[in-house]
Amino acid sequence: MLTSFVASADLIFKTQLSSLLDKSIISENVYKHFMKRGLKVISPSNDYGLYELGKILPEIVIGASNEYISNMNVPYQATSYIAARTGKSGKPTYIYKINDRPGGGVISLTGGVRKLGDNLFASTHRILLGRKAMMISADNLVINKEQIWNWQFFGNAISESHPYLYEDLVKLSHKIDKGSEFRQIVVARSDKTFRRLNIAGLCRRNQIKILNPKHGIKITFLTDDSGHEYASKFLPESDLIEYITTGSNFDMYLAMIKIRKLHGIDMILNDGGRIMSNSVRDMGLLGEERITLEPYPGDQFIPHRSGSDPQNVLGVKGAGIDGGEIEYGIKIHSTRIKDEMANIYLYPLQENSR
């Protein structure tokens, strides 16, 4: 049964690519790249017997085949966001945060409640794409110092309202995570990052949850020589704390090469924030973006000034390579969950360019 899902998704994807090539929207090199990458399509019902999950997400698409990912020099990276439409009519514009709201106003983007679609989509991609490693910026580490980056952060929100769906998420996690060692990756480019965020002080007061040894979370800091020299004085290397350095200057590509070689990590969920994910994308190291698009929640949730702030905009219809919402991206899959759209967009990779 899985073959029919793969064939269907593959056929749609290849037809889409051929159309973009015929219209000279993408180059032949980009076309060949995506064709070589292929797709991985998971059917929760057919592959894992998770029928409640399969009713909502009949297929889950990952934007590269197992074979392609296994031959990469760096981990395959995906990132994810939620975004809300800024108005009922006109050209669709989507924002991913609201100024001066806790947590960027995510609850406001969904109309004041955590919705099923986003929680389910976020849970599954954390299970599937972040089972070995999740990467965050040091800034996100401090802003969300009370958070542990796991699927339960989203999944727990539906445990009471949709218990059978939650049970399927637990089962999926057990099946996928079996034998995988999880590692939390934190990008702190230099000693200046550690100093600016006062991470030493936060550690002394035990205010960063994932750095509390009782949780047993393995942490890898990606930094340069100065960052290692400074931070290792208050966060010494141990069974749980590790540093990967890239010399006198920080080099994300080299850091990715090292973490793949050292730990065999072939896939990372990038949860580092918009600035970091954009920079990784521009380097050709970010493969896909998984976004839940929300309808306009109303004026009471999105003030006009927040909706019009260009720094808050995630996408605008027509900005993508294919005319979709995401700049530089091609939308390859979409699932409607009530009034939410769970979409997957691909970016061209250049992970073998050095």
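Residues numbered from 1 in each chain as written. Predicted model: local features only at pLDDT ≥ 70, side-chain atom pairs only at ≥ 80, totals over all residues. Heavy atoms only, no water.

A. A look at the overall build of the protein chain. Summing up its helical and strand segments, the protein chain has 16 helices and 13 strands in all. By its C-alpha atoms, the protein chain is 55 × 50 × 40 Å across when sized along the principal axes. The proportion of buried residues among the 354 residues of the protein chain is 55%. Restricting the contact set of the protein chain to residue pairs at least 6 apart, pairs at least 24 apart contribute 72%. Element-wise, carbon and sulfur atoms account for 50% of the exposed surface of the protein chain, whose accessible area totals about 16,000 Å². Both charge centroids of the protein chain, one from 44 positive and one from 38 negative side chains, sit 2 Å from each other. (Helix = DSSP H or I, 4+ residues; strand = E, 2+ residues; numbered from the N terminus. Buried < 20%, exposed > 50% of the residue type's maximum accessible area, 1.4 Å probe, protein only. Contact = heavy atoms within 4.5 Å. Areas by Shrake-Rupley, 256 points an atom, 1.4 Å probe, with all protein chains shown as cover. Lys, Arg positive; Asp, Glu negative; His and termini not counted. Charge placed at Lys NZ, Arg CZ, Asp CG, Glu CD.)

B. Spotlight on the environment of Lys-209. For Lys-209, the location among the structural elements is in the loop between helix 12 (199-204) and strand 7 (218-223). By relative accessible area, Lys-209 is classed as partly exposed at 34%. Separated by 125 residues in sequence, Lys-209 and Ala-84 place their C-alpha atoms 29 Å apart. Ignoring anything within four residues of it in the chain, the contact list for Lys-209 reads Lys-145, Glu-146, Gln-147, Ile-148 and His-215.

C. Representation of unusual backbone geometry in the model. Here the phi dihedral of Ser-24 falls at roughly 60 degrees; this positive angle occurs in a residue that is not glycine. Topologically, Ser-24 is positioned in the loop between helix 1 (2-22) and helix 2 (28-37). Looking at Ser-24, the relative accessible area reads 65%, which means it is exposed. One non-glycine residue, Lys-338, lies in the positive phi region at around 60 degrees. With respect to the helices, strands and loops of the structure, Lys-338 is situated in the loop between strand 12 (330-337) and strand 13 (340-346). A relative accessible area of 66% means that Lys-338 is categorised as exposed.

D. Layout of helix 15 (residues 274-282). When we look at burial in helix 15, the residues that qualify are Arg-274, Met-276, Ser-277, Val-280 and Arg-281. Looking straight down helix 15, one finds that the buried residues subtend no more than 165 degrees of arc, so they occupy a single side. Relative to its buried face, helix 15 has exposed residues pointing more than 90 degrees away, namely Ile-275 and Asp-282. Following helix 15 by one or two positions, Gly-284 adopts a phi angle in the positive range, close to 85 degrees. (Arc of directions from axis to C-beta.)

E. Focus on helix 2. Those residues of helix 2 that sit buried are Tyr-31, His-33, Phe-34 and Arg-37. Relative to the axis of helix 2, the buried residues are bounded by an arc of 160 degrees and lie together on one face. Of the exposed residues in helix 2, the ones pointing more than 90 degrees away from its buried face are Asn-29 and Lys-36. In the stretch just after helix 2, Gly-38 is the one whose phi turns positive, near 70 degrees.

F. Summary view of the side chain of Thr-335. Relative to the elements of secondary structure, Thr-335 occurs in strand 12. Classification of Thr-335 as buried rests on a relative accessible area of 11%. In this structure Thr-335 touches Ile-56, Leu-57, Pro-58, Glu-340, Met-341, Ala-342 and Asn-343, once residues within four positions along its chain are discounted.

G. Seen up close, the nonpolar core. Met-135, Leu-211, Phe-221, Leu-222 and Met-256 are the most contacted members of the largest nonpolar core, which totals 99 residues. Among all residues touching Leu-222, those that are not within four sequence positions of it are Met-135, Ile-185, Val-186, Val-187, Ala-188, Arg-189, Ile-244, Phe-250, Ala-255, Met-256 and Ile-259. Counting seven residues, the second largest nonpolar core, distinct from the first, contains Ile-82, Ala-84, Ile-98 and Leu-109. (Core = buried A, V, L, I, M, F, W, Y, C linked by side-chain atoms within 4.5 Å.)

H. Here's a closer look at the packing of aromatic side chains. One pass over the full model with this rule turns up nine aromatic pairs. Ring geometry for Tyr-230 and Phe-234: centres 5.5 Å apart, planes at 75 degrees, overall edge-to-face. Clustering of aromatic rings is evident, with ring pairs tying together Phe-194, Phe-221, Tyr-230, Phe-234 and Tyr-243. The cationic tip of Arg-274 hangs over the ring face of Tyr-81; the distance from NZ or CZ to the ring centre is 4.7 Å. Here the basic side chain of Arg-281 rests over the ring of Tyr-347, its NZ or CZ set 5.7 Å away from the ring centre. (Phe/Tyr/Trp six-rings, centres within 6.5 Å; stacked < 30°, edge-to-face > 60°. Lys NZ or Arg CZ within 6 Å of the ring centre and 35° of its normal.)

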